[in-house]
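Listed below are the residues making up each chain.
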Amino acid sequence: MDWLFKFPQLEPEFLLVIKRAIDGSLRNLTRVYGDSIENFFYPLQRVLIFLEDVVSRAPWPLVVLALALIAWIAARKWSVVAGVVGTLIAIGLLGLWQDAMKTISLVFAATVFSIAIGMPLGILMNRFKHVGGVVQTVLDVMQTMPPFVYLIPVVMLLGIGRVPGFIAVVIYAIPPIIRLTDLGIRLVDKEVLEAADAYGCSRGQKLWKVQLPLAMPTIMAGINQTIMMALGMVVIASMIGVQGLGLNVLQAIANQYFTQGILNGFAIVGIAIIFDRISQAYGHRLQRHQGAAHE
Amino acid sequence: MNRNDASIEIRDLYKIFGRSPERYIESVREGLSKADLARANGHILGLNNINISMSAGKIQVVMGLSGSGKSTLIRHINRLIEPTSGSIIIDGRNIIEMSELELREFRRNKTAMVFQRFGLLPHRTVIDNVTFGLEVRGVEAAKCRQIGMRWVDRVGLLGFETRYPHELSGGMQQRVGLARALSNDASILLMDEAYSALDPLIRTDMQTMLLELQSELKKTIVFITHDLDEALRLGDRIVILRDGSIVQQGDSQNILLNPADDYIARFVKDVNRGRFIRVDAVMDPATRFESGSLPQLKSGSTLEVVAKALTDSCYDMGVVTSENGQPLGVVSLRQITAALSASAEERSAAEARQRGDKRTTDRCRQSSSTASGAMEKLL
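Computed from a predicted model, the values in this text were never measured in an experiment. (Residues numbered from 1 in each chain as written. Chains lettered and ligands numbered in written order. Predicted model: local features only at pLDDT ≥ 70, side-chain atom pairs only at ≥ 80, totals over all residues. Heavy atoms only, no water.)

1. Side note on the overall build of chain B
In terms of helices and strands, chain B carries 18 helices and 14 strands. Here chain B holds 379 residues, and the buried ones make up 51% of them. For chain B, restricting intrachain contacts to residue pairs at least 6 apart in sequence, the fraction spanning at least 24 positions comes to 66%. If you sum the accessible surface of chain B, you get close to 17500 Å²; carbon and sulfur atoms cover 47% of it. (Helix = DSSP H or I, 4+ residues; strand = E, 2+ residues; numbered from the N terminus. Buried < 20%, exposed > 50% of the residue type's maximum accessible area, 1.4 Å probe, protein only. Contact = heavy atoms within 4.5 Å. Areas by Shrake-Rupley, 256 points an atom, 1.4 Å probe, with all protein chains shown as cover.)

This is the structure we're talking about:
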């Protein structure tokens, strides 16, 4: 009866061989292609460093002013602008300005990249519906796989630093924008699409004149989600050498510095709220243009 | 674009919805019914052997209850739905055989469509909605605006051009839909239950506007409706669909006076006949008489109008005359009353009486003529 209580498993020796073979080939891959892969990502590294330099070396009043301006353009509400300026001042007064700027630059870069890749992917996913199921599964894996797992090969190939951190953040943050772009296009009123067809729209015309504008509120929700998930990753990314607020939190955990942890934690929350309010308000403004579109 | 070529010939059109419609098309041709097809094979028979020729410059109404296939039919004309078999000839070309590119050009230039729930673009202002078709066609912006504003004015929306659709009432939104279709300057106008979502008073206004526009534009209009009053008011010709098949086609007089079966008879029962039946359909054609002093009735008047005119005069009958005063026939109050009678049975009974007892009728006529002192002139 022993077999009933012990799940039959493959021979441990056999499993060991497989594990060794995969690990070995990955190590070989790193040895052979490591340099060329690093070279491939070198431009990305330059961009990330450049961005970080711009925000963290610029005079702080200029940065505050710029973010306030962005808030105003996106939301057209003084309350949002006041919230943004207040949060930035609080972060600065607590001595976290430099770290916050590093975090903001990484999250900004990861978000822009995710949108640039994710929206076209979402559009393609919508167009080729028969691959939709496969893509959904891949996205599910990306979102649920513990980040440490895919960090192992990334670190092996690229070492530690900004680039692997950036990649980890993008993998984690890109699914919502893909999903919600697809969803937004799918939710466009059928009769409106029929009208577009009846007036002889080409596919491109239909996409740019009808589908994307009408999907925009949903896509904005996706962008918002992407930003939030990117921010959620900064602590984990700090484990592979990304500087900024996340690294402070990591140190706080290691040394049991409660205050440092909570201050940096709140700074991350503050940045999240800034991004969230700005993108939400922008989304709402888009929606107001079309009013009762979803009645 | 030659408007004269805007007639639409629909021939042997079948549409079966389902996974593999080709497999059942033969059995449907041989008479497999909609119910049997649905029960045995899980396929829905959308359109069954449709043959209609729609003349250029006329309003063709397609009528039927929901599920009768009327919306499916109109979507075949610009091929928003692909048929299972059959052909649709417009301007000498079969729409069904067009390539994707040809079809796009055809939709851009030859047809315009108005939708039941308007199908407006919610993120665009009224004027940008109206010019949508032109923009798609690649007309330059200034020209678009110029044409668009003319139609915005024409449908009575001047001053609203910078509003968004959700700021307008249903009737106004459908005016935008109509302006969008008209600014496209297509010779064929497809209207899919265009007024069904509007409340009755606004619907009547919109019908009036359409008739006014049509008297000037002379487009080929295909108008879908489930409302018989609307069909009778607008339609030069009417097709009635049921379960995807044509039950009857003809002009309004034909359908009101000779319903093809019980289904249509039930349909027309509650219609205000006096408002739709024209005197020409009821009168005895002119044989040998002079108009004399009998009251003259204009050809094309409705029974309502004629009955009123006769009652106001002191005669029992009148002479129907053409536009230039030529006598076309005579009509009596008795004939009018028979035609007005709502029930088909009563009417056919009245007709039988008339046919069976022609002498009596003649005597009646004579007596009424005597009373009017016009006997020798009439007979």
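2. Topic: the side chain of Thr30(A)
All names here are of chain A. Along the chain, the position of Thr-30 falls in helix α2 (residues 12-57). Within the structure, the side chain of Thr-30 is placed 2.7 Å from the backbone oxygen of Leu-26, a separation counted as a polar contact. Discounting chain neighbours no more than four positions away, the residues touching Thr-30 are Met-156 and Leu-157. (Polar contact = N/O pair within 3.5 Å; in protein donor to acceptor, adjacent residues only side chain to side chain.)

3. What to know about empty space enclosed by the protein
Residues and elements named next belong to chain A. In total, this model carries one cavity of 30 Å³ or more according to the counting rule given. Of the voids in this model, the largest cavity is the one considered here, and its volume is about 70 Å³. Leu-48, Leu-51, Glu-52, Lys-102, Ser-105, Leu-106, Arg-162, Val-242 and Gln-243 are the residues that line the largest cavity. Residue assignment for the lining of the largest cavity shows that the elements contributing at least two residues are α2 and α5 (97-127). In terms of residue class, the lining of the largest cavity is built from four nonpolar, two polar and three charged. (1 Å grid on protein atoms, 1.4 Å probe; cavity = no way out; pocket = protein on both sides within 12 Å on 5 of 7 lines; lining within 4 Å. Points joined across faces, edges and corners; volume = space filled by probe spheres on them. Nonpolar A, V, L, I, M, F, W, Y, C, P; charged D, E, K, R; others polar.)

4. Re the domain arrangement of chain B
Residue and element names in this part refer to chain B. According to the domain assignment, chain B consists of domain 1 (54-110 + 186-271) and domain 2 (275-378). Buried surface at the junction of domain 1 and domain 2, both sides included, amounts to about 800 Å², of which 64% is carbon and sulfur. The largest contributions to the domain 1 side of the interface with domain 2 come from Gln-253, Leu-256 and Leu-257, which together make up 61% of the buried area. The tally of links from domain 1 across to domain 2 stands at zero salt bridges. Here domain 1 is connected to domain 2 by two residue pairs in polar contact (both at pLDDT 80 or more). Those elements that place two or more of their residues in the side of domain 1 that touches domain 2 are α10 (228-234) and α11 (252-257). Looking at the side of domain 1 that touches domain 2, the element that brings in the most residues is α11, giving four residues. Taken together, the residues of the side of domain 1 that touches domain 2 sort by class into five nonpolar, two polar and three charged. (Domains from an automatic or database assignment. Buried area = accessible area lost by both parts, 1.4 Å probe. Salt bridge = Lys/Arg side-chain N within 4 Å of Asp/Glu carboxyl O.)

5. Description of the interface of chain B and chain A
Each side of the interface is counted separately: chain B has 29 residues, and chain A has 23 residues. Summed over both sides, the interface between chain B and chain A buries roughly 2100 Å², with carbon and sulfur atoms accounting for 58% of that surface. The three residues of chain B that bury the most area against chain A are Pro122(B), His123(B) and His166(B), which together make up 24% of that side's buried surface. Our count for the chain B to chain A interface comes out at four salt bridges. In this structure, Asp189(A) and Arg117(B) form a salt bridge, with 3.7 Å as the shortest nitrogen-oxygen distance.

6. Structural notes on the packing of aromatic side chains
All told, the structure shown has five aromatic pairs over all chains when counted by the stated rule. For the pair Phe113(A) and Phe166(A), a centre-to-centre distance of 5.4 Å together with 65 degrees between the ring planes defines the contact as edge-to-face. Of this pair, Phe113(A) sits in helix α5 while Phe166(A) is found in helix α8 (residues 162-186), placing the two residues 53 residues apart along the sequence. The class of Phe166(A) is buried, set by a relative accessible area of 4%. Plain terms: the ring middles of Tyr199(A) and Phe132(B) are 6.5 Å apart, the flat faces sit at 75 degrees to each other, and that makes the pair edge-to-face. Of this pair, Tyr199(A) sits in the loop between α9 (190-198) and α10 (203-232) while Phe132(B) sits in helix α6 (residues 132-137), which puts the two residues in different chains. (Phe/Tyr/Trp six-rings, centres within 6.5 Å; stacked < 30°, edge-to-face > 60°.)

7. Here we look at the packing of helix α7 (residues 147-158) of chain A against α8(A)
Residue and element names in this part refer to chain A. Packing of α7 against α8 leaves a shortest axis separation of 10 Å and a crossing angle of 150 degrees. One finds that α7 runs roughly antiparallel with respect to α8. As α7 packs across α8, the resulting crossing turns out to be right-handed. Along the contact surface, α7 presents Tyr-150, Leu-151, Val-154 and Leu-158, while α8 presents Val-163, Pro-164, Ile-167, Ala-168, Ile-171 and Tyr-172. (Axes fitted to C-alpha atoms, helices over the stretch in contact; angles between N-to-C directions. Parallel < 35°, antiparallel > 145°, perpendicular 65-115°, else oblique. Left-handed = near helix turned anticlockwise from the far one by under 90°.)

8. A few points about the environment of Arg179(A)
Residues and elements named next belong to chain A. Turning to its location among the elements, Arg-179 is positioned in helix α8. On a C-alpha basis, the gap between Arg-179 and Leu-121 in space is 9.0 Å, while along the polypeptide they are 58 residues apart. Contacts of Arg-179, omitting those with residues within four sequence positions, involve Gln-136, Leu-139, Asp-140 and Gln-143.

9. A word on the packing of α5(A) against α8(A)
All names here are of chain A. Following both chains from N to C, one finds α5 and α8 inclined at 40 degrees, their axes separated by 7 Å at the closest point. Here α5 lies oblique to α8, going by the angle between them. In the packing of α5 onto α8, the handedness of the crossing is right-handed. In terms of residue class, the contact of α5 with α8 is made up of 18 nonpolar, five polar and two charged.

10. Some details on the sheet that holds strand β5 (residues 93-94) of chain B
Residue and element names in this part refer to chain B. Spatially, β2-β1-β4-β5 is the arrangement adopted by the four strands of the open sheet, whose pairing is antiparallel. Only two strands of the sheet have a single neighbouring strand rather than two, namely β2 (44-54) and β5. Packed onto the sheet, helix α1 (residues 22-29) meets β1 (8-17), β2 and β4 (85-90) and runs at close to 120 degrees relative to β1. (Pairing = 2+ DSSP bridges.)

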